[in-house]
Amino acid sequence: MSDSDIALLLADATDGVEIGIAPYQAVLRGGRRRRARRWAVAAATALVLAGSSATLAVAGLPGGDGGQVASRPSASADADPSRALRTTLATGTDQGTKWRVLLDMWPAPRDERQADSQLAAMALRGETPPDAHKASDLIGKITYFVYRDYGGRTTKVMENTVPATDTLTGTDLMSGSLPLERGDTKDVRLVIGYVAKTAQRVLCAWTNDTATVVEKAGSGTGTDVPAIRSAAGSPYNWFVCLAPKGTEYKTAEVVE
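Read on for a plain summary of the structure. Computed from a predicted structure; not experimentally measured. (Residues numbered from 1 in each chain as written. Predicted model: local features only at pLDDT ≥ 70, side-chain atom pairs only at ≥ 80, totals over all residues. Heavy atoms only, no water.)

1. A few points about the pattern of salt bridges
Right, so step 1: Evaluation of the coordinates by the stated rule reveals 12 salt bridges.
Right, so step 2: With a closest N to O distance of 2.9 Å, Asp94 and Arg189 form a salt bridge. Taken together, the positions of Asp94 in strand β5 (residues 85–94) and Arg189 in the loop between β9 (173–178) and β10 (190–195) put the pair 95 residues apart, joining distant regions of the chain. Here Asp94 matches Arg189 in class, with each residue buried.
Right, so step 3: A single network of salt bridges, built from pairs that share partners, joins Arg86, Asp104, Arg125 and Glu127. (Salt bridge = Lys/Arg side-chain N within 4 Å of Asp/Glu carboxyl O. Helix = DSSP H or I, 4+ residues; strand = E, 2+ residues; numbered from the N terminus. Buried < 20%, exposed > 50% of the residue type's maximum accessible area, 1.4 Å probe, protein only.)

2. Comments concerning the environment of Asp94
Right, so step 1: Classification of Asp94 by relative accessible area gives buried; the value is 10%.
Right, so step 2: Separated by 150 residues in the primary sequence, Asp94 and Pro244 place their C-alpha atoms 9.2 Å from one another.
Right, so step 3: Among residues more than four places away in sequence, those in contact with Asp94 are Trp99, Tyr150, Leu180, Arg189 and Leu242. (Contact = heavy atoms within 4.5 Å.)

3. A look at the side chain of Lys156
Right, so step 1: Among the structural elements, Lys156 can be located in strand β8 (residues 153–163).
Right, so step 2: Within the structure, Lys156 has its side chain in polar contact with the side chain of Glu159 (distance 3.4 Å). (Polar contact = N/O pair within 3.5 Å; in protein donor to acceptor, adjacent residues only side chain to side chain.)

4. Observations regarding the nonpolar core
Generally speaking, soluble globular proteins have nonpolar side chains that are buried together.
Right, so step 1: Membership of the largest hydrophobic core comes to 26 residues, with the highest contact counts inside it found for Val146, Ile192 and Trp238.
Right, so step 2: For this core, the secondary structure elements donating two or more residues are β5, β6 (97–106), β7 (141–150), β8, β9, β10 and β14 (237–242).
Right, so step 3: The next biggest cluster of nonpolar side chains, apart from the first, holds 16 residues, and it includes Val188, Phe239, Ala243 and Val254. (Core = buried A, V, L, I, M, F, W, Y, C linked by side-chain atoms within 4.5 Å.)

Okay, here's the thing in structure tokens:
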């Protein structure tokens, strides 16, 4: 990667970033400029380019609050752009408190009429698509919002708008790390990310030198088991992993 490419990466990733209070990170592996755009993580602060592989840590934008579990793994040409496709990515109980991670995926509008309808439907849910200054900016693009629910309190933690043709290949991985509990600023244990449809295994490494292996979900894999899952309307597969209490996120990578 040339110096000019790195400069473009940094400029794209920092455009419109608001500084928050906690060092939550979003990580792009592969250094692709188009994927650095607007992966937003709640209350992020750090922007670091490190390593010869041009791994990018992206500071993000504060989110808001936000919730039928969708089971179809891919978008349909007949999907209604005015309705979000919701998938439950993970559920669990941490020290007696129930938590879950939810994904809202909005299909790509095909014309301005559909885009107007989608923008209005998003507004009713308190969702604002990043980089969409007018409804027509959504045409041909999918928009997703990721929510963290802890003890019944739901918070929007990630968002993005990308072309409907967007894909990942090989070991490409996009992930964000943040505390499990809303309001926590230190206990960075929750990792949420997406990978190529072909990815079979993700390794989430923790600061105590242990790791969690996340494998592709089978037909009977419940949401209480960490797994790589398809999501309705998504061109990627998604994963969630949680560090054990007492340790925190270190890295996440596709290992197969």
